[in-house]
Amino acid sequence: MKICVMPGDGIGREIVAQALRVLTKVGQKFGTSFETEEALIGGCAIDATGGPLPEETVRLCKAADAVLLGAVGGPKWDAIDPAIRPERGLLGIRKELGLFANLRPASLFPELKQACYLRPDIVAKGIDLLVVRELTGGAYFGTPKGVEVRGGERVGFNNMIYAEHEIRRIAKVGFEAARKRRKQLCSVDKANVLDVSRLWREVVIEVGRDYPDVALSHMYVDNAAMQLVRDPSQFDVIVTENLFGDILSDEASVITGSIGMLPSASLGEGNPGLFEPIHGSAPDIAGQDKANPLATILSVAMLLRYSSTEKTGDMSEPATAIEAAVQKALQQGYRTGDIREDGCKLVGCVEMADVVLANL
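Throughout what follows, the structure given in this document is the object of discussion.

Some thoughts on the overall build of the protein chain
Phase 1: Looking only at helices and strands, the protein chain has twelve helices and 14 strands in total.
Phase 2: In terms of overall dimensions, the protein chain is globule-like: its C-alpha atoms have a radius of gyration of 20 Å, near the 21 Å expected for 360 residues.
Phase 3: Counting only C-alpha atoms and orienting by the principal axes, one finds that the protein chain spans roughly 60 × 50 × 45 Å.
Phase 4: Of all 360 residues assigned to the protein chain, the portion counted as buried reaches 53%.
Phase 5: Taking as baseline every contact in the protein chain between residues at least 6 positions apart, the subset at least 24 positions apart corresponds to 75%.

Below, the structure written as C-alpha cells:
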C-alpha cells in the first residue's frame, strides 16, 4: 500500500511519527509492507512554497492508495491573506481528490467515561454514533460568494447550494454505513426554512426506498444539536450537509470527553481517501511530547479498513488489532494530559505509542 503522508503543522509531525511506527508494526505482524512519501500542506507549505497546497502535494496524493494527515494551521499564519490560509490547503486537497464524504465516529471508550462532559445517567446509555458529512458542497464552496459594498456598507455573502446528484451520493454513503451498523439513519436538515434543505430531504427519502432495511428519520439541525447533548444514544448514523455537519460532528466528538481520541475519514469515488485526527494543530504544546497520538493511530486503523486494495487484500483484521491495542492501553491506565484521570499513569506522546506497540 502506497501512502502519502502529510504531517502538516503544530503537533502534526509528532503524532504522525507515532502513527507511522504503529503502521510499520502492524504491517510486520500481518505481513504487509507500506510505502510512504511525505508531502507539504498548510502552514509549512506556505513557508516553503508560498501556498498551502503545492502542486507536488496534489500529485503525490493522487498517486497514492491513501493519504494520512496530521494537522494544519496555527497563530503564525493567522494574519495572512485568507485566500492562502493553511486551512485552504485542507479544503483544496479534499476538492482535488473528490472527497465528498467525511466519516466521523464518536464513540466513548468505557475506560474514559469519567472524561465525558454529560451526566452519568446519560453516559450510562452509551455513546456510539457516526456522523456522515457532505464535504465538497454547500455554503463552503457555493458561488457567488464574497464581500462587497452595497448602499455604502460592506456586505458579506455565501451561497448554500446542492445539486441532486451531490445529495444522492452522500445519502447512499449514509445508508450503506447504517446498514453495517444498527440500521438507523437520521438525516439532518433545516427543511422548515431553507429551500436547499427541502430538496435535501426529498432526495434522501427517494434514496431510502432502496434501503428498506434501514430505518430513516429526519431532524432539524437545531433540534439535532440539542438531542446530541440530551441523549446521544438515540443516534446510530447521522447524515447531513457540509456546514451542519461541520458543527454537529465537532459537538458529537467533544461530548465523548476528548477530541484527542477520535479519528476521521474523507472518502470519494475511486480516488485515495484522506485520514486524519479531528483535533487541530495545538501549537501551544507542539514539540513538548504532550500530544495525544491515539486519534492519529486510530486514523491509521480507519485507513486500513477503508483503503484495502486487491494487492493488499482485506485489511480489516490489522485495523481491528490497532483498535484493540489502543483500548488495551486505556485499560492499562495510561493517559496523556488531555484525558488524564486520578490513579492513572500520565505519559507523553512517544510513551503512549510505545504502549500501543507493546500491545500489538
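Considerations on the sheet that holds strand E5 (residues 128–134)
Phase 1: One open sheet accounts for ten strands, arranged E2-E1-E3-E12-E11-E4-E5-E10-E8-E9; its pairing is mixed. Each end of this open sheet is capped by a strand with a single partner; those strands are strand E2 (35–38) and strand E9 (215–220). Between one strand axis and the next, the sheet turns by 25° as a mean value, whatever way the strands run.
Phase 2: Pairing of strand E4 (residues 101–107) with E5 involves seven bridges; the strand directions are antiparallel.

Topic: the pairing of strand E3 (residues 66–71)
Phase 1: Extensive coverage of E3 is indicated by the burial of six of its six residues.
Phase 2: Direction of pairing for strand E1 (residues 2–8) relative to E3: parallel, over a ladder of five bridges. Among the inter-strand pairings, valine 5 is bridged to a residue of E3, identified as leucine 68.
Phase 3: Relative to strand E12 (residues 273–277), E3 runs parallel, the two sharing three bridges. The partner of valine 67 across the bridge, within E12, is leucine 274.

Quick look at the environment of valine 26
Phase 1: Secondary-structure assignment places valine 26 in helix H1 (residues 12–30).
Phase 2: Relative accessible area serves as the criterion here: at 2%, valine 26 is assigned to the buried category.
Phase 3: Distance in space between the C-alpha atoms of valine 26 and leucine 357 is 8.6 Å, their sequence separation being 331 residues.
Phase 4: The residues contacting valine 26, other than those within four sequence positions of it, are Leu304, Pro318, Ile322 and Leu360.

Quick look at unusual backbone geometry
Phase 1: Residue proline 144 is bonded to the preceding threonine 143 through a cis peptide linkage, with omega at 0°.
Phase 2: Considering the arrangement of structural elements, one finds proline 144 in the loop between E5 and strand E6 (146–150).
Phase 3: A positive phi is found at alanine 282, a non-glycine position, where the angle reads about 40°.
Phase 4: Here alanine 282 is to be found in the loop between E12 and helix H10 (294–306).
Phase 5: Located in the positive-phi region is aspartate 289, a residue other than glycine, with phi close to 60°.

Calculation rules
Residues numbered from 1 in each chain as written. Predicted model: local features only at pLDDT ≥ 70, side-chain atom pairs only at ≥ 80, totals over all residues. Heavy atoms only, no water. Helix = DSSP H or I, 4+ residues; strand = E, 2+ residues; numbered from the N terminus. Rg over C-alpha atoms; globule rule 2.2 N^0.38 Å. Buried < 20%, exposed > 50% of the residue type's maximum accessible area, 1.4 Å probe, protein only. Contact = heavy atoms within 4.5 Å. Pairing = 2+ DSSP bridges. Axes fitted to C-alpha atoms, helices over the stretch in contact; angles between N-to-C directions.

Bear in mind that shape data such as this cannot, by itself, settle questions of function.
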